[in-house]
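# Working through the structure, step by step
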Amino acid sequence: MNITVPTNIPSGDRRPVRVVPLATLDPLHDSSRRPLPAPPLDIAVRVARTTLAYYEYASIHDHTAMIAAATALDVVLRDLLAALDADRTERAA
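For the structure given in this document, a descriptive report is provided here.

Parameters at a glance
- Residues numbered from 1 in each chain as written.
- Predicted model: local features only at pLDDT ≥ 70, side-chain atom pairs only at ≥ 80, totals over all residues.
- Heavy atoms only, no water.
- Helix = DSSP H or I, 4+ residues; strand = E, 2+ residues; numbered from the N terminus.
- Buried < 20%, exposed > 50% of the residue type's maximum accessible area, 1.4 Å probe, protein only.
- Contact = heavy atoms within 4.5 Å.
- Areas by Shrake-Rupley, 256 points an atom, 1.4 Å probe, with all protein chains shown as cover.
- Expected span 1.5 Å × (residues − 1).
- Arc of directions from axis to C-beta.
- Salt bridge = Lys/Arg side-chain N within 4 Å of Asp/Glu carboxyl O.
- Patch = residues over 30% accessible without salt bridge, like charges linked within 9 Å, V, L, I, M, F, W, Y side chains within 5 Å.

It is worth spelling out the overall build of the protein chain at this point. A count of helices and strands for the protein chain gives 2 helices and 2 strands. Mapped from its N terminus to its C terminus, the protein chain presents α and β elements in the order β-β-α-α. Among the 93 residues that make up the protein chain, the fraction classed as buried is 11%. The contacts of the protein chain with a sequence gap of at least 6 include a subset with a gap of at least 24, amounting to 43%. Within the structure as shown, the protein chain displays about 8,100 Å² of accessible surface, and the carbon and sulfur contribution to it stands at 59%.

Okay, structure coming up:
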(Lines give C-alpha, C1' and ligand atoms only; values in the text may rest on other atoms or scores of the structure.)
Protein backbone atom coordinates (compact mmCIF):
# COMPACT_ATOMS: atom_id res chain seq x y z
CA MET A 1 0.00 0.00 0.00
CA ASN A 2 1.36 3.45 -0.90
CA ILE A 3 0.25 6.73 0.60
CA THR A 4 1.41 10.28 -0.01
CA VAL A 5 2.61 12.30 2.94
CA PRO A 6 3.74 15.91 3.20
CA THR A 7 7.46 16.43 3.73
CA ASN A 8 9.37 19.28 5.28
CA ILE A 9 11.01 20.15 1.98
CA PRO A 10 10.46 23.89 1.36
CA SER A 11 8.89 23.32 -2.07
CA GLY A 12 6.08 21.38 -0.44
CA ASP A 13 7.02 18.30 -2.44
CA ARG A 14 4.89 15.25 -1.69
CA ARG A 15 6.49 11.82 -1.93
CA PRO A 16 4.94 8.35 -1.87
CA VAL A 17 5.78 6.25 1.17
CA ARG A 18 5.38 2.48 1.36
CA VAL A 19 3.38 1.41 4.41
CA VAL A 20 3.85 -2.13 5.72
CA PRO A 21 1.02 -3.49 7.90
CA LEU A 22 2.30 -4.55 11.33
CA ALA A 23 0.75 -7.99 10.95
CA THR A 24 3.25 -8.81 8.17
CA LEU A 25 6.36 -8.00 10.24
CA ASP A 26 8.39 -10.79 11.81
CA PRO A 27 9.35 -10.42 15.48
CA LEU A 28 13.00 -10.23 16.46
CA HIS A 29 12.56 -13.27 18.69
CA ASP A 30 10.19 -16.19 18.30
CA SER A 31 9.61 -17.77 21.70
CA SER A 32 7.94 -20.81 20.12
CA ARG A 33 11.26 -21.96 18.65
CA ARG A 34 13.38 -24.32 20.71
CA PRO A 35 16.32 -22.39 22.17
CA LEU A 36 19.91 -23.51 21.74
CA PRO A 37 21.81 -24.85 24.75
CA ALA A 38 23.23 -22.17 27.02
CA PRO A 39 26.91 -21.31 26.55
CA PRO A 40 29.25 -21.49 29.55
CA LEU A 41 28.93 -18.38 31.72
CA ASP A 42 32.49 -17.13 31.19
CA ILE A 43 32.10 -17.33 27.41
CA ALA A 44 28.70 -15.61 27.49
CA VAL A 45 30.12 -12.73 29.55
CA ARG A 46 33.13 -12.37 27.22
CA VAL A 47 30.92 -12.35 24.10
CA ALA A 48 28.56 -9.81 25.70
CA ARG A 49 31.45 -7.47 26.51
CA THR A 50 32.92 -7.86 23.02
CA THR A 51 29.57 -7.17 21.37
CA LEU A 52 28.95 -4.10 23.54
CA ALA A 53 32.40 -2.77 22.66
CA TYR A 54 31.82 -3.43 18.95
CA TYR A 55 28.55 -1.46 18.84
CA GLU A 56 29.58 1.19 21.36
CA TYR A 57 30.03 3.91 18.75
CA ALA A 58 27.25 2.92 16.35
CA SER A 59 25.47 6.00 15.05
CA ILE A 60 21.91 6.34 16.26
CA HIS A 61 21.19 8.10 12.97
CA ASP A 62 22.21 5.03 10.94
CA HIS A 63 19.17 2.77 10.64
CA THR A 64 21.18 -0.22 9.44
CA ALA A 65 23.66 0.11 12.31
CA MET A 66 20.83 0.29 14.85
CA ILE A 67 19.15 -2.83 13.42
CA ALA A 68 22.47 -4.71 13.49
CA ALA A 69 23.19 -3.58 17.07
CA ALA A 70 19.69 -4.43 18.30
CA THR A 71 19.80 -7.88 16.74
CA ALA A 72 23.29 -8.70 18.01
CA LEU A 73 22.58 -7.39 21.51
CA ASP A 74 19.27 -9.28 21.67
CA VAL A 75 21.07 -12.55 20.91
CA VAL A 76 23.88 -11.81 23.37
CA LEU A 77 21.48 -10.85 26.16
CA ARG A 78 19.42 -14.01 25.68
CA ASP A 79 22.60 -16.14 25.74
CA LEU A 80 23.85 -14.35 28.85
CA LEU A 81 20.58 -14.88 30.70
CA ALA A 82 20.47 -18.55 29.65
CA ALA A 83 24.05 -19.00 30.88
CA LEU A 84 23.20 -17.34 34.22
CA ASP A 85 20.13 -19.57 34.65
CA ALA A 86 22.15 -22.68 33.82
CA ASP A 87 24.89 -21.64 36.26
CA ARG A 88 22.36 -21.10 39.04
CA THR A 89 20.78 -24.49 38.34
CA GLU A 90 24.18 -26.19 38.50
CA ARG A 91 25.04 -24.50 41.80
CA ALA A 92 21.68 -25.45 43.34
CA ALA A 93 22.12 -29.11 42.42
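The discussion continues.
The next subject is helix 1 (residues 41–54). Along its 14 residues, helix 1 runs 20 Å from first to last C-alpha, staying within 8% of the 20 Å computed at 1.5 Å per residue. Those residues of helix 1 lying buried are Ala44, Ala48 and Thr51. For helix 1, the arc enclosing every buried residue in end-on projection is 70 degrees, short of the 170-degree limit, so these residues lie on one face. Facing away from the buried side of helix 1 by more than 90 degrees, the exposed set consists of Asp42, Arg46, Arg49, Thr50 and Tyr54. Buried residues in helix 1 make contact with helix 2 (63–92).

Right, let's talk about the pattern of salt bridges for a bit. For the structure on display, the rule yields 2 salt bridges. For Asp74, the salt bridge goes to Arg78, with nearest N and O atoms at 3.2 Å. Here the residue Asp74 and the residue Arg78 both occupy positions in helix 2, the gap between them amounting to 4 residues, near one helical turn. Given a relative accessible area of 18%, Asp74 falls into the buried group. The exposure class of Arg78 is partly exposed, given its relative accessible area of 38%. We note a salt bridge from Arg91 to Asp87, for which the minimum N-O separation is 3.1 Å. Placement of both Arg91 and Asp87 in helix 2 is noted, with a separation of 4 residues, approximately one turn of the helix.

A surface patch of nonpolar side chains, about 250 Å² in accessible area, is lined by Leu77, Leu81 and Leu84. Position of Leu77 relative to the elements: it lies in helix 2.

Here Leu77 falls in the partly exposed class, since its relative accessible area comes to 49%. Along the chain, Leu77 and Val47 lie 30 residues apart, while their C-alpha atoms are 9.8 Å from each other.

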